[in-house]
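Here is how the chains run, residue by residue.
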Amino acid sequence: MIRGAVDSEDPDRLYTLTGGRSRAEDTGLDLVTLIVSESDPTTGMQSEHVKILRICRYPTAVVEIASELGLPVSVVKILLSDLLDSGYVTARHPTSPRVGAELPDPAFLKKVLVGLHNL
């Protein structure tokens, strides 16, 4: 986001969007956390929440969402924490290990290494 756009943003609008909150609860969201919609928007939802749900039909990084909405990342994190709390979206860090994922057997890796050296 261009610095001038942030400086010219109406603080009353941002205050209204976030319900007066200045920071999100500790949800572990960072710039590259991937957000995925888990449901469709419902009637009466805040327009920014609806936009987020539509943007996140496929995994989308927090920073990309902020760029699409034209809002500061801190405001987007607050909006995302609302959606996370209500179960409308899920979040995962792209480097987080998968549930049940195991590392390969060291003996197997040694065999692969020996095989590569023999090539």
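These numbers were taken from a predicted model, which means no experiment stands behind them.

Chemist: Let's hear about the sheet that holds strand 1 (residues 34-37): which residues, and what values?
Modeler: Spatially, 3 strands are ordered 2-1-3 in an open sheet, and the strand pairing comes out antiparallel. Looking at the sheet topology across the chains shown, the edges are occupied by strand 2 (60-61) and strand 3 (89-92). Summarising the sheet, strand 1 and strand 3 pair through 4 bridges and their orientation is antiparallel. Counterpart to Leu-34 in the pairing with strand 3 is Arg-92.

Chemist: Can you lay out the nonpolar core for me, pointing to particular residues and giving the numbers?
Modeler: By size, the foremost hydrophobic cluster in this structure holds 18 residues, and its most contacted members are Ile-35, Ile-52, Ile-65, Leu-69, Leu-71, Val-76 and Leu-80. Of all elements in the fold, only helix 3 (47-55), helix 4 (62-69) and helix 5 (73-86) reach the threshold of two or more residues within this core. Counting residues per element, this core draws most heavily on helix 5, at 5 residues. Beyond its immediate sequence surroundings of up to four residues, Leu-80 is in contact with Leu-29, Ile-35, Ile-52, Val-62, Ile-65 and Val-89.

Reading the values: the criteria
- Residues numbered from 1 in each chain as written.
- Predicted model: local features only at pLDDT ≥ 70, side-chain atom pairs only at ≥ 80, totals over all residues.
- Heavy atoms only, no water.
- Pairing = 2+ DSSP bridges.
- Helix = DSSP H or I, 4+ residues; strand = E, 2+ residues; numbered from the N terminus.
- Core = buried A, V, L, I, M, F, W, Y, C linked by side-chain atoms within 4.5 Å.
- Buried < 20%, exposed > 50% of the residue type's maximum accessible area, 1.4 Å probe, protein only.
- Contact = heavy atoms within 4.5 Å.

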